[in-house]
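Survey of secondary and tertiary structure
Listed here are the chains, written in short residue letters.
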Amino acid sequence: MRDLVTMFISALLGALAVALPGVVALRLLRRRSIVVHICVLLAIAVLAVLAGVIGVAQAMFISRHDLRVLLIVISLAGAVSLVIGWSLGRRMAADAMWADEARARERQAEANRRDLIAWVSHDLRTPLAGMRAMAEALEDGVVVDPETVLEYHRRIRVETDQMARLVDDLFELSRINAGALRLSLATVSLGDVVSDAVASALPVASARRIRLVASDTGWPLVRASEPELSRIVTNLLRNAIRYTPSDGTVTVTGGQDGDGGWFAVTDGCGGIPDSDLSRVFDVAFRGEAARTPRSNTTHDGAGGGLGLAIVRGLVEAHRGAVAVSNVAGGCRFLVRLPANPA
(Lines give C-alpha, C1' and ligand atoms only; values in the text may rest on other atoms or scores of the structure.)
Protein backbone atom coordinates (compact mmCIF):
# COMPACT_ATOMS: atom_id res chain seq x y z
CA MET A 1 0.00 0.00 0.00
CA ARG A 2 2.86 2.35 0.83
CA ASP A 3 4.35 1.77 -2.63
CA LEU A 4 1.04 2.58 -4.31
CA VAL A 5 0.69 5.81 -2.34
CA THR A 6 4.25 6.78 -3.18
CA MET A 7 3.73 6.07 -6.90
CA PHE A 8 0.45 8.04 -6.85
CA ILE A 9 2.04 11.06 -5.16
CA SER A 10 5.08 10.96 -7.47
CA ALA A 11 2.96 10.76 -10.61
CA LEU A 12 0.57 13.47 -9.33
CA LEU A 13 3.36 15.89 -8.48
CA GLY A 14 5.02 15.33 -11.84
CA ALA A 15 1.75 15.89 -13.72
CA LEU A 16 0.91 19.01 -11.68
CA ALA A 17 4.37 20.43 -12.36
CA VAL A 18 3.41 20.48 -16.05
CA ALA A 19 -0.38 21.06 -15.86
CA LEU A 20 -0.31 24.22 -13.74
CA PRO A 21 2.08 26.16 -16.02
CA GLY A 22 0.07 24.80 -18.95
CA VAL A 23 -3.15 26.32 -17.58
CA VAL A 24 -1.39 29.67 -17.25
CA ALA A 25 -0.10 29.36 -20.81
CA LEU A 26 -3.61 28.64 -22.12
CA ARG A 27 -4.97 31.73 -20.36
CA LEU A 28 -2.23 33.85 -21.92
CA LEU A 29 -2.99 32.35 -25.36
CA ARG A 30 -6.78 32.65 -25.11
CA ARG A 31 -6.88 35.13 -28.03
CA ARG A 32 -4.89 32.88 -30.33
CA SER A 33 -6.30 30.48 -32.90
CA ILE A 34 -8.01 27.19 -32.15
CA VAL A 35 -5.03 25.34 -33.69
CA VAL A 36 -2.68 26.79 -31.05
CA HIS A 37 -5.07 25.83 -28.24
CA ILE A 38 -5.40 22.23 -29.43
CA CYS A 39 -1.63 21.82 -29.85
CA VAL A 40 -0.97 23.30 -26.39
CA LEU A 41 -3.57 21.01 -24.81
CA LEU A 42 -2.02 17.94 -26.44
CA ALA A 43 1.46 19.05 -25.42
CA ILE A 44 0.31 19.51 -21.81
CA ALA A 45 -1.26 16.03 -21.77
CA VAL A 46 1.83 14.35 -23.21
CA LEU A 47 4.26 16.26 -20.99
CA ALA A 48 2.11 15.53 -17.90
CA VAL A 49 2.28 11.79 -18.62
CA LEU A 50 6.02 12.09 -19.26
CA ALA A 51 6.57 14.01 -16.02
CA GLY A 52 4.54 11.44 -14.07
CA VAL A 53 6.57 8.56 -15.53
CA ILE A 54 9.83 10.32 -14.70
CA GLY A 55 8.61 11.01 -11.15
CA VAL A 56 7.74 7.37 -10.63
CA ALA A 57 11.12 6.36 -12.11
CA GLN A 58 12.91 8.69 -9.68
CA ALA A 59 11.15 6.88 -6.84
CA MET A 60 12.89 3.69 -8.07
CA PHE A 61 9.70 1.93 -9.20
CA ILE A 62 10.82 1.70 -12.86
CA SER A 63 14.11 0.31 -14.06
CA ARG A 64 16.42 2.28 -16.33
CA HIS A 65 15.63 -0.01 -19.28
CA ASP A 66 11.88 0.24 -18.77
CA LEU A 67 12.15 4.03 -18.42
CA ARG A 68 13.97 4.24 -21.76
CA VAL A 69 11.23 2.19 -23.44
CA LEU A 70 8.49 4.33 -21.92
CA LEU A 71 10.20 7.54 -22.99
CA ILE A 72 10.45 6.32 -26.57
CA VAL A 73 6.81 5.22 -26.65
CA ILE A 74 5.51 8.43 -25.05
CA SER A 75 7.65 10.61 -27.37
CA LEU A 76 6.37 8.87 -30.50
CA ALA A 77 2.76 8.95 -29.28
CA GLY A 78 3.13 12.63 -28.40
CA ALA A 79 4.57 13.50 -31.83
CA VAL A 80 1.76 11.66 -33.62
CA SER A 81 -0.83 13.31 -31.37
CA LEU A 82 0.56 16.79 -32.10
CA VAL A 83 0.52 16.20 -35.86
CA ILE A 84 -3.04 14.88 -35.80
CA GLY A 85 -4.11 17.68 -33.45
CA TRP A 86 -2.56 20.33 -35.70
CA SER A 87 -4.31 18.87 -38.76
CA LEU A 88 -7.70 18.57 -37.06
CA GLY A 89 -7.26 21.99 -35.51
CA ARG A 90 -6.77 23.58 -38.93
CA ARG A 91 -9.89 21.83 -40.19
CA MET A 92 -11.89 22.95 -37.16
CA ALA A 93 -10.61 26.51 -37.58
CA ALA A 94 -11.64 26.47 -41.24
CA ASP A 95 -15.09 25.12 -40.31
CA ALA A 96 -15.45 27.77 -37.62
CA MET A 97 -14.52 30.53 -40.05
CA TRP A 98 -16.97 29.12 -42.62
CA ALA A 99 -19.69 29.00 -39.96
CA ASP A 100 -18.98 32.63 -38.97
CA GLU A 101 -19.11 33.71 -42.62
CA ALA A 102 -22.34 31.75 -43.12
CA ARG A 103 -23.92 33.42 -40.10
CA ALA A 104 -22.76 36.82 -41.35
CA ARG A 105 -24.27 36.10 -44.76
CA GLU A 106 -27.51 34.98 -43.14
CA ARG A 107 -27.66 38.16 -41.05
CA GLN A 108 -26.96 40.27 -44.14
CA ALA A 109 -29.57 38.38 -46.15
CA GLU A 110 -32.13 38.88 -43.38
CA ALA A 111 -31.32 42.61 -43.25
CA ASN A 112 -31.64 42.82 -47.04
CA ARG A 113 -34.96 40.98 -46.87
CA ARG A 114 -36.32 43.43 -44.32
CA ASP A 115 -35.10 46.38 -46.40
CA LEU A 116 -36.64 44.86 -49.51
CA ILE A 117 -40.01 44.35 -47.83
CA ALA A 118 -39.94 47.92 -46.53
CA TRP A 119 -39.06 49.40 -49.92
CA VAL A 120 -41.51 47.25 -51.86
CA SER A 121 -44.29 47.97 -49.38
CA HIS A 122 -43.65 51.69 -49.80
CA ASP A 123 -43.48 51.47 -53.60
CA LEU A 124 -46.75 49.52 -53.73
CA ARG A 125 -48.62 51.49 -51.10
CA THR A 126 -47.98 54.89 -52.69
CA PRO A 127 -49.33 54.16 -56.21
CA LEU A 128 -52.18 52.05 -54.81
CA ALA A 129 -53.32 54.95 -52.63
CA GLY A 130 -53.22 57.30 -55.60
CA MET A 131 -55.05 54.88 -57.87
CA ARG A 132 -57.75 54.31 -55.23
CA ALA A 133 -58.27 58.05 -54.78
CA MET A 134 -58.53 58.65 -58.53
CA ALA A 135 -60.81 55.65 -59.05
CA GLU A 136 -63.13 56.82 -56.25
CA ALA A 137 -63.18 60.32 -57.74
CA LEU A 138 -64.18 58.91 -61.13
CA GLU A 139 -66.71 56.50 -59.60
CA ASP A 140 -68.40 59.18 -57.46
CA GLY A 141 -68.54 61.66 -60.32
CA VAL A 142 -66.36 64.17 -58.50
CA VAL A 143 -64.33 64.56 -61.68
CA VAL A 144 -66.41 65.17 -64.79
CA ASP A 145 -64.21 67.43 -66.86
CA PRO A 146 -63.16 65.38 -69.95
CA GLU A 147 -59.53 66.49 -69.83
CA THR A 148 -59.26 65.70 -66.11
CA VAL A 149 -60.92 62.32 -66.63
CA LEU A 150 -58.43 61.50 -69.38
CA GLU A 151 -55.57 62.62 -67.13
CA TYR A 152 -56.82 60.39 -64.31
CA HIS A 153 -57.05 57.45 -66.69
CA ARG A 154 -53.53 58.11 -67.93
CA ARG A 155 -52.14 58.35 -64.41
CA ILE A 156 -53.88 55.11 -63.38
CA ARG A 157 -52.30 53.37 -66.39
CA VAL A 158 -48.87 54.80 -65.52
CA GLU A 159 -49.15 53.66 -61.91
CA THR A 160 -50.27 50.22 -63.09
CA ASP A 161 -47.25 49.96 -65.38
CA GLN A 162 -45.03 50.99 -62.47
CA MET A 163 -46.39 48.22 -60.24
CA ALA A 164 -46.15 45.72 -63.09
CA ARG A 165 -42.45 46.54 -63.49
CA LEU A 166 -41.95 46.08 -59.76
CA VAL A 167 -43.65 42.68 -59.84
CA ASP A 168 -41.53 41.68 -62.85
CA ASP A 169 -38.39 42.72 -60.97
CA LEU A 170 -39.41 40.67 -57.94
CA PHE A 171 -40.08 37.62 -60.11
CA GLU A 172 -36.77 37.99 -61.94
CA LEU A 173 -34.85 38.40 -58.69
CA SER A 174 -36.54 35.35 -57.17
CA ARG A 175 -35.51 33.26 -60.20
CA ILE A 176 -31.92 34.44 -59.86
CA ASN A 177 -31.71 33.79 -56.11
CA ALA A 178 -33.40 30.38 -56.43
CA GLY A 179 -31.00 29.30 -59.18
CA ALA A 180 -33.95 28.73 -61.50
CA LEU A 181 -32.66 31.04 -64.23
CA ARG A 182 -31.93 29.15 -67.46
CA LEU A 183 -30.09 31.01 -70.20
CA SER A 184 -30.36 30.20 -73.92
CA LEU A 185 -26.87 31.26 -74.95
CA ALA A 186 -26.20 32.30 -78.52
CA THR A 187 -24.04 34.68 -80.51
CA VAL A 188 -25.50 38.14 -79.91
CA SER A 189 -24.57 41.48 -81.40
CA LEU A 190 -24.06 43.74 -78.42
CA GLY A 191 -24.54 46.79 -80.65
CA ASP A 192 -28.03 45.68 -81.71
CA VAL A 193 -29.10 45.06 -78.11
CA VAL A 194 -27.80 48.45 -77.00
CA SER A 195 -29.47 50.18 -79.96
CA ASP A 196 -32.86 48.64 -79.11
CA ALA A 197 -32.50 49.52 -75.41
CA VAL A 198 -31.55 53.11 -76.21
CA ALA A 199 -34.55 53.45 -78.54
CA SER A 200 -36.83 52.09 -75.81
CA ALA A 201 -35.44 54.46 -73.17
CA LEU A 202 -35.42 57.50 -75.44
CA PRO A 203 -39.00 58.69 -74.60
CA VAL A 204 -38.23 58.62 -70.88
CA ALA A 205 -34.94 60.47 -71.40
CA SER A 206 -36.59 63.05 -73.67
CA ALA A 207 -39.29 63.73 -71.10
CA ARG A 208 -36.56 64.66 -68.64
CA ARG A 209 -34.45 66.51 -71.27
CA ILE A 210 -31.62 64.00 -70.97
CA ARG A 211 -29.43 63.19 -73.98
CA LEU A 212 -28.68 59.55 -74.75
CA VAL A 213 -25.41 59.07 -76.62
CA ALA A 214 -24.35 55.62 -77.88
CA SER A 215 -21.40 54.64 -80.04
CA ASP A 216 -22.22 53.65 -83.61
CA THR A 217 -19.26 51.31 -84.14
CA GLY A 218 -16.93 49.04 -82.24
CA TRP A 219 -19.57 46.77 -80.75
CA PRO A 220 -18.46 43.12 -80.40
CA LEU A 221 -20.28 39.82 -80.66
CA VAL A 222 -20.78 38.18 -77.27
CA ARG A 223 -22.00 34.85 -75.99
CA ALA A 224 -25.23 35.68 -74.19
CA SER A 225 -28.97 35.20 -73.88
CA GLU A 226 -30.54 38.10 -75.74
CA PRO A 227 -33.61 38.69 -73.49
CA GLU A 228 -31.50 38.74 -70.33
CA LEU A 229 -28.79 40.88 -71.97
CA SER A 230 -31.47 43.35 -73.06
CA ARG A 231 -32.72 43.44 -69.45
CA ILE A 232 -29.21 44.25 -68.24
CA VAL A 233 -28.77 47.16 -70.65
CA THR A 234 -32.29 48.48 -70.02
CA ASN A 235 -31.91 48.43 -66.24
CA LEU A 236 -28.60 50.27 -66.44
CA LEU A 237 -30.05 52.89 -68.77
CA ARG A 238 -33.11 53.44 -66.57
CA ASN A 239 -30.87 53.74 -63.52
CA ALA A 240 -28.66 56.28 -65.31
CA ILE A 241 -31.67 58.34 -66.49
CA ARG A 242 -33.25 58.19 -63.04
CA TYR A 243 -30.26 59.78 -61.31
CA THR A 244 -29.06 62.15 -64.02
CA PRO A 245 -30.39 65.71 -63.61
CA SER A 246 -32.34 67.41 -66.39
CA ASP A 247 -30.25 68.62 -69.36
CA GLY A 248 -27.67 65.98 -68.50
CA THR A 249 -26.13 63.28 -70.69
CA VAL A 250 -26.04 59.49 -70.46
CA THR A 251 -23.36 57.82 -72.57
CA VAL A 252 -23.14 54.19 -73.67
CA THR A 253 -19.81 52.87 -74.98
CA GLY A 254 -18.50 49.40 -75.72
CA GLY A 255 -15.72 47.37 -77.22
CA GLN A 256 -13.67 44.21 -76.96
CA ASP A 257 -10.39 43.34 -75.30
CA GLY A 258 -8.49 40.25 -74.30
CA ASP A 259 -11.06 39.35 -71.63
CA GLY A 260 -14.08 39.48 -73.96
CA GLY A 261 -16.73 42.04 -74.83
CA TRP A 262 -17.68 44.97 -72.64
CA PHE A 263 -20.00 47.95 -72.49
CA ALA A 264 -20.27 50.87 -70.08
CA VAL A 265 -23.07 53.25 -69.11
CA THR A 266 -21.92 56.62 -67.79
CA ASP A 267 -24.38 58.99 -66.12
CA GLY A 268 -24.31 62.46 -64.60
CA CYS A 269 -25.47 61.60 -61.08
CA GLY A 270 -22.65 63.55 -59.43
CA GLY A 271 -20.92 60.45 -58.09
CA ILE A 272 -21.52 57.86 -55.39
CA PRO A 273 -19.91 58.06 -51.92
CA ASP A 274 -16.97 55.67 -51.65
CA SER A 275 -18.63 53.96 -48.68
CA ASP A 276 -21.62 53.07 -50.88
CA LEU A 277 -19.78 51.81 -53.97
CA SER A 278 -19.54 48.24 -52.65
CA ARG A 279 -23.28 48.19 -51.81
CA VAL A 280 -24.71 49.61 -55.02
CA PHE A 281 -25.70 46.16 -56.33
CA ASP A 282 -27.27 45.01 -53.04
CA VAL A 283 -30.99 44.27 -52.98
CA ALA A 284 -33.11 47.27 -51.91
CA PHE A 285 -30.11 49.58 -51.62
CA ARG A 286 -30.76 53.12 -52.79
CA GLY A 287 -28.03 55.02 -51.01
CA GLU A 288 -28.24 58.42 -49.43
CA ALA A 289 -31.27 60.66 -49.69
CA ALA A 290 -29.56 62.74 -52.38
CA ARG A 291 -29.69 59.72 -54.68
CA THR A 292 -33.29 58.80 -53.93
CA PRO A 293 -35.18 58.93 -57.23
CA ARG A 294 -36.79 62.28 -57.80
CA SER A 295 -40.46 62.37 -58.68
CA ASN A 296 -41.14 63.09 -62.32
CA THR A 297 -43.89 62.77 -64.83
CA THR A 298 -42.60 59.47 -66.16
CA HIS A 299 -42.88 57.74 -62.80
CA ASP A 300 -39.74 55.82 -63.57
CA GLY A 301 -38.29 56.32 -60.15
CA ALA A 302 -39.70 53.28 -58.41
CA GLY A 303 -38.30 49.82 -58.46
CA GLY A 304 -37.70 48.81 -54.87
CA GLY A 305 -33.96 49.09 -55.38
CA LEU A 306 -34.00 45.87 -57.43
CA GLY A 307 -32.73 47.00 -60.84
CA LEU A 308 -29.01 46.87 -60.13
CA ALA A 309 -29.34 43.69 -58.05
CA ILE A 310 -30.96 42.05 -61.08
CA VAL A 311 -28.16 43.39 -63.29
CA ARG A 312 -25.53 41.74 -61.11
CA GLY A 313 -27.43 38.45 -60.97
CA LEU A 314 -27.91 38.30 -64.74
CA VAL A 315 -24.32 39.30 -65.50
CA GLU A 316 -22.96 36.65 -63.13
CA ALA A 317 -25.30 34.09 -64.72
CA HIS A 318 -23.51 34.88 -68.00
CA ARG A 319 -20.17 34.28 -66.23
CA GLY A 320 -19.43 37.96 -66.61
CA ALA A 321 -18.65 40.77 -64.18
CA VAL A 322 -20.14 44.18 -63.41
CA ALA A 323 -18.50 47.03 -61.53
CA VAL A 324 -19.14 50.69 -60.79
CA SER A 325 -16.70 53.56 -60.38
CA ASN A 326 -16.89 57.31 -60.02
CA VAL A 327 -15.92 59.52 -62.95
CA ALA A 328 -16.00 63.26 -63.48
CA GLY A 329 -19.55 64.41 -62.81
CA GLY A 330 -21.10 60.99 -62.34
CA CYS A 331 -20.45 57.26 -62.23
CA ARG A 332 -19.67 54.54 -64.76
CA PHE A 333 -21.16 51.05 -64.76
CA LEU A 334 -18.92 48.59 -66.62
CA VAL A 335 -20.18 45.16 -67.71
CA ARG A 336 -17.85 42.48 -69.07
CA LEU A 337 -19.21 39.45 -70.93
CA PRO A 338 -17.56 36.38 -72.46
CA ALA A 339 -16.63 36.85 -76.11
CA ASN A 340 -18.15 34.76 -78.86
CA PRO A 341 -16.04 31.54 -79.11
CA ALA A 342 -15.89 31.89 -82.90
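Up top you'll find the structure we're talking about.
For the structure given in this document, a descriptive report is provided here. (Residues numbered from 1 in each chain as written. Predicted model: local features only at pLDDT ≥ 70, side-chain atom pairs only at ≥ 80, totals over all residues. Heavy atoms only, no water.)

**Looking at a nonpolar patch on the surface**
Short version of the rule: Only residues whose relative accessible area exceeds 30% and that form no salt bridge enter a patch; like-charged residues are grouped when within 9 Å of one another, and nonpolar side chains (Val, Leu, Ile, Met, Phe, Trp, Tyr) when within 5 Å. Using a 1.4 Å probe, the Shrake-Rupley method yields the accessible areas, and only the shown protein chains count as cover for residues. In the sections that follow, a salt bridge refers to a side-chain nitrogen of Lys or Arg positioned within 4 Å of a carboxyl oxygen of Asp or Glu. Under the scheme used here, helices are H or I runs from DSSP no shorter than 4 residues and strands are E runs no shorter than 2 residues, and both carry numbers assigned from the N terminus.
On the surface, Val5, Phe8, Ile9, Leu12, Leu13, Leu16 and Leu20 cluster together into a nonpolar patch covering about 660 Å² of accessible area. Position of Leu16 among the secondary structure elements: in helix α1 (residues 2-28).

**Quick look at unusual backbone geometry**
Even without glycine at this site, Arg209 takes up a positive phi of about 55°. Structurally, Arg209 is set in the loop between α5 (190-207) and β2 (211-214).

**Details of the state of the cysteines**
The cut-off we apply is this: Note on disulfides: each one is a pair of cysteine sulfur atoms within 2.5 Å. When accessible area is computed with a 1.4 Å probe and restricted to protein chains, residues below 20% of their type maximum are described as buried, those above 50% as exposed, and intermediate ones as partly exposed.
This model, assessed by the stated rule, comprises zero disulfides. In this model Cys269 remains outside any disulfide bridge; the closest cysteine sulfur is found in Cys331, 3.3 Å from its own. Among the residues examined, Cys269 registers a relative accessible area of 17% and is labelled buried. Using a relative accessible area of 0% as the deciding quantity, one classes Cys331 as buried.

**Comments concerning the nonpolar core**
Worth spelling out the cut-off: Buried Ala, Val, Leu, Ile, Met, Phe, Trp, Tyr and Cys residues form a nonpolar core when they are joined through side-chain atoms within 4.5 Å.
Leu229, Ile232, Leu236, Leu237 and Phe263 are the most contacted members of the largest nonpolar core, which has 48 residues in total. The element that contributes the greatest number of residues to this core is helix α6 (residues 226-243), accounting for eight residues. Membership of the second largest hydrophobic core comes to eight residues, among which are Val143, Tyr152, Ile156 and Met163.

**Considering the packing of helix α4 (residues 146-178) against α6**
To keep it simple, the criterion reads: Note on geometry: axes are lines fitted to C-alpha atoms, helical ones only across the stretch in contact, with angles between N-to-C directions running from 0 to 180 degrees. Here is the rule for angles: anything less than 35 degrees is roughly parallel, anything more than 145 is roughly antiparallel, 65 through 115 is roughly perpendicular, and the remaining ranges are oblique. Handedness of a crossing is defined here by the sense of rotation of the near helix relative to the far one, left-handed for an anticlockwise turn of less than a right angle and right-handed for a clockwise turn. Contacts are assigned to residue pairs that have any heavy atoms within 4.5 Å of one another. Basically, the charged four are Asp, Glu, Lys and Arg, the nonpolar ten are Ala, Val, Leu, Ile, Met, Phe, Trp, Tyr, Cys and Pro, and anything else, Gly included, counts as polar.
Taken N-terminus to C-terminus, the directions of α4 and α6 make an angle of 125°; their axes are 14 Å apart at the nearest point. The orientation of α4 with respect to α6, classified from their angle, is oblique. In this structure, α4 meets α6 at a crossing whose hand is left-handed. On α6, the residues touching Arg165, Asp168, Asp169, Glu172 and Arg175 of α4 are Glu228, Arg231 and Arg238. Taken together, the residues of the contact of α4 with α6 sort by class into no nonpolar, no polar and eight charged.

**Quick notes on the packing of α4 against helix α8 (residues 307-317)**
It is the contact of α4 with α8, at a shortest axis distance of 10 Å, that shows an interaxial angle of 35°. Here α4 and α8 pass one another in a crossing that is left-handed. Where α4 approaches α8, its residues Asp169, Glu172, Leu173 and Ile176 are matched on the opposing element by Ala309, Ile310, Gly313 and Leu314. Among the residues making up the contact of α4 with α8, the classes are represented as five nonpolar, one polar and two charged.

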